[in-house]
Every structure is written in structure tokens, then in C-alpha cells.
Amino acid sequence: MRVIVTASTKGIGYGISKVLLENGNEVVISGHNGENLANALNNLKNYGKVYGIISDLRNINDVRNLIDKSVNILKGLDAVVYVAPPPKPGNFESTPIEMWDDAVKSLLLSAVWVTKFSLPYIKESKGSYVYLSSFAIKEPQENLILSNVVRISLAGLTRSLSKELGKYGIKVNMIMPGWIETERVEEVVNSRAKSEGKSSEDIKKEIEKGIPLKRMAKPEEIGELVNFLIAKNTYISGASIPFDGGLLNSVF
Ligand SMILES: NC(=O)c1ccc[n+]([C@@H]2O[C@H](COP(=O)([O-])OP(=O)(O)OC[C@H]3O[C@@H](n4cnc5c(N)ncnc54)[C@H](OP(=O)(O)O)[C@@H]3O)[C@@H](O)[C@H]2O)c1
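Residues numbered from 1 in each chain as written. Predicted model: local features only at pLDDT ≥ 70, side-chain atom pairs only at ≥ 80, totals over all residues.

An unreviewed UniProt entry annotates the protein as Short-chain alcohol dehydrogenase like protein of Caldisphaera lagunensis. What UniProt records for the protein under Sequence similarities (unreviewed entry) is the sentence "Belongs to the short-chain dehydrogenases/reductases (SDR) family." (UniProt positions renumbered as here; feature names shortened; annotations may be inferred.)

Written as C-alpha cells, this is what we have:
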């Protein structure tokens, strides 16, 4: 299948792209930093047919260009996997008002733009959308006010689109990751270690102790789920799936 994965030069998006390539899909990866994109392409080319396009998800023209160029390269489109740029941490009081505009573009409007511009092609292929959000949309997390508040809209988008687009054979799902081992999480762990005067290993152990499965997941593990969700014969649509090792406390 022909797939676009956004924000995929590193971390979760990269891991998903790797697994999709290993499973015989053609993948366009993207990010807003040229050097990161070149490095990712260099590594991923060992796994299959991969292409790269520079695209800042906060810029509507970049997003339009990403879709147009991808469709041109792939000669159509079967699935879009939307990963958002990481939001800035902070609580309500410490977050300047201007950062809200940026967060809405990064975490919500970019998903709307990606979907709007790709829809004609996804309709043609009876394809699918997978949005990556965060477990924080179900249970707000400390110091992540932008993520807690803005990302929840993706749940509404997922359910609304699954209803509206199902008649075209299009599936729409969302994955809510918990702790996934990426560079960004390493930074979070290191900064917590510094502020609490502990080692990074101890902080990681503390976090893992609180996860029922007692470990963080690898980005590639999310890739396996995405590969399943986008398969033509998968019957799941409109679902918001936790990928958190049992971390969430709520029943629904
Ligand atoms: N890791 C976790 O445990 C976890 C849990 C829940 C949710 N999430 C969410 O999942 C997403 C990915 O997280 P991650 O841990 O994989 O982060 P990461 O390792 O830091 O990777 C972030 C990716 O986003 C790209 N990116 C950053 N700014 C961008 C922009 N303006 N436009 C397009 N691409 C951009 C980066 O590439 P360039 O810098 O090259 O552009 C990179 O490929 C984030 O939204 C994060 O909040 C992560």
C-alpha cells in the first residue's frame, strides 16, 4: 500500500514507517528539518521503498505540498498516518497565550489539513486514516496543558469522520500512546532526573514501575498496530485505542 506518515524522521513516526516498509508498503516520510529527513531516509532505505518530503505541519502550504507531492510520487494514496509534532510542556499559568495558537496549528489544524487535502485520493482507494494522539486526552497529565486540552479534538474528528466517510469504505481510527521510548522521552527523563537530583536510569525505573506491563514500548510496536489497522480487510473504524501497557485508570 501507498502510505504517508507525518512527523516521521524520528521517534514514533519513524518506528511506524520502518514497520510499514518491512511489511511491503511504500512510504513517504516527512519532517521540518532537512538534516533529520536525510538521516532517516538513509536508514529507512534498507527496509523498502521510502521517499522524503520536507514539510512543517504548522504551515498549511507545506501540508498541501506534502500531499500533492506524495500522491505524485506514489501514484495514489491508500493510507495517511498522522503523527503530530511534540507539544511544548508546561502548565496553564506558565504557558504564554501565543503558544496556544501554535499548539492548535500543530496538534489539531495540521490533522484537519492533512485529512482535507488527502481525502479525494483516500476516497479513490477506499483507504484509511490513523491519527496518533496521547493517553493524556483521556486522563490529563501534569505539565502537559497544551496536549491535554487541544488533542482531545482528534477523538471528535476520528468518530465524526468514521461516521461520515464510512460510506466510501474509508476507515478512521486513533491510537493513544502512553510511554514510548523515543529521543523526546529520553529528554523528558533526563530533565526530570536533573530537577530531582536522581539518575536518568532511576527516573525511568520509577516511570516503568507505574506501568502495569512494567516497561515502556518501542516505536516499532505501534507500527505493528498501524499495519493491522490500515490493512484492507480490517473491520475496525471509529476506534480510539490506548497503547499504554495498561496505564489508563478509567474503565472506558
Ligand atoms: N513518546 C511518547 O511516549 C509519546 C506519548 C504520547 C504521545 N506522543 C506524541 O507523539 C508524537 C511524536 O512523539 P515522539 O516521542 O516520537 O517525538 P520525537 O522523537 O521528538 O519525534 C518528533 C518528530 O516530529 C517531527 N517534527 C517536529 N516538529 C515538526 C513540525 N513542525 N512539522 C513536522 N514535523 C515535525 C520531528 O522531525 P523534525 O524535527 O525533523 O521536523 C520528528 O520526526 C508527539 O506529538 C508526541 O507528543 C509521544
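Quick look at helix α3 (residues 60-74) now. Compared with an ideal rise of 1.5 Å per residue, which puts 15 residues at 21 Å, α3 spans 21 Å between its outermost C-alpha atoms and is within 8% of the ideal. Within the span of α3, buried status applies to Val63, Leu66, Ile67, Ser70 and Leu74. Angular distribution of buried residues about the axis of α3 spans 90°; they occupy a single face of the element. Across α3 from its buried face, at more than 90 degrees, point the exposed residues Asn61 and Asn72. Buried-residue contacts for α3 involve β1 (2-5), β2 (26-31), β3 (50-54) and α4 (98-125). Immediately downstream of α3, the backbone of lysine 75 shows phi near 60°, a positive value. (Helix = DSSP H or I, 4+ residues; strand = E, 2+ residues; numbered from the N terminus. Expected span 1.5 Å × (residues − 1). Buried ≥ 20, exposed ≤ 12 C-beta atoms within 10 Å, placed from the backbone. Arc of directions from axis to C-beta. Contact = placed C-beta atoms within 7 Å.)

Between helix α7 (residues 183-196) and helix α8 (residues 200-209), whose axes approach to 8 Å, the crossing angle comes to 110°. By the angle class used here, α7 and α8 are roughly perpendicular. In terms of crossing hand, the pair formed by α7 and α8 is right-handed. In this structure, α7 uses Val189, Asn190, Arg192 and Ala193 to contact α8, whose residues at the interface are Ser200, Ile203 and Lys204. Taken together, the residues of the contact of α7 with α8 sort by class into 3 nonpolar, 2 polar and 2 charged. (Axes fitted to C-alpha atoms, helices over the stretch in contact; angles between N-to-C directions. Parallel < 35°, antiparallel > 145°, perpendicular 65-115°, else oblique. Left-handed = near helix turned anticlockwise from the far one by under 90°. Nonpolar A, V, L, I, M, F, W, Y, C, P; charged D, E, K, R; others polar.)

With 5 of 6 residues buried, β2 lies mostly within the body of the structure. Pairing of β1 with β2, which is carried by 4 bridges, proceeds in the parallel orientation. Bridge pairing links arginine 2 to glutamate 26 in β2. Taking the sense of rotation as the criterion, the β-α-β connection linking β1, helix α1 (residues 11-22) and β2 turns out right-handed. (Pairing = 2+ DSSP bridges. Right-handed = clockwise from strand over helix to strand, strands pointing away.)

Now for the packing of α3 against α4. At a closest axis distance of 9 Å, the pairing of α3 and α4 adopts a crossing angle of 30°. Taken together, the axes of α3 and α4 lie roughly parallel to each other. Viewed along their axes, α3 and α4 form a crossing whose handedness is right-handed. Together, Ile60, Val63, Arg64, Ile67 and Val71 of α3 and Ser110, Trp113, Val114, Phe117, Ser118 and Tyr121 of α4 make up the contact between the two elements.

As a further point, take the domain arrangement of the protein. Taken domain by domain, the protein consists of domain 1 (2-179 + 218-243) and domain 2 (181-216). If you average the C-alpha positions of domain 1 and of domain 2, the two centres end up 25 Å apart. Facing 8 residues of domain 1, the contacting portion of domain 2 comprises 8 residues. Each residue belonging to the side of domain 1 that touches domain 2 can be placed in one class, and the counts come to 4 nonpolar, 2 polar and 2 charged. (Domains from an automatic or database assignment.)

Val3, Val80, Val81 and Tyr82 are the most contacted members of the largest nonpolar core, which has 62 residues in total. No other element matches α4, which puts 7 residues into this core. For valine 3, the contacting residues outside a window of four places in its chain are Leu20, Asn25, Glu26, Val27, Asp78, Ala79, Val81 and Ile230. (Core = buried A, V, L, I, M, F, W, Y, C linked by C-beta atoms within 7 Å.)

Around the ligand sit 28 residues in total, of which Gly11, Gly31, Asn33, Asn36 and Pro85 are the nearest. Elements that contribute at least two residues to the shell around the ligand include exactly α1 and α7. Both domains that furnish three or more residues to the shell around the ligand are identified here as domain 1 (2-179 + 218-243) and domain 2 (181-216). (Near = placed C-beta within 6 Å.)

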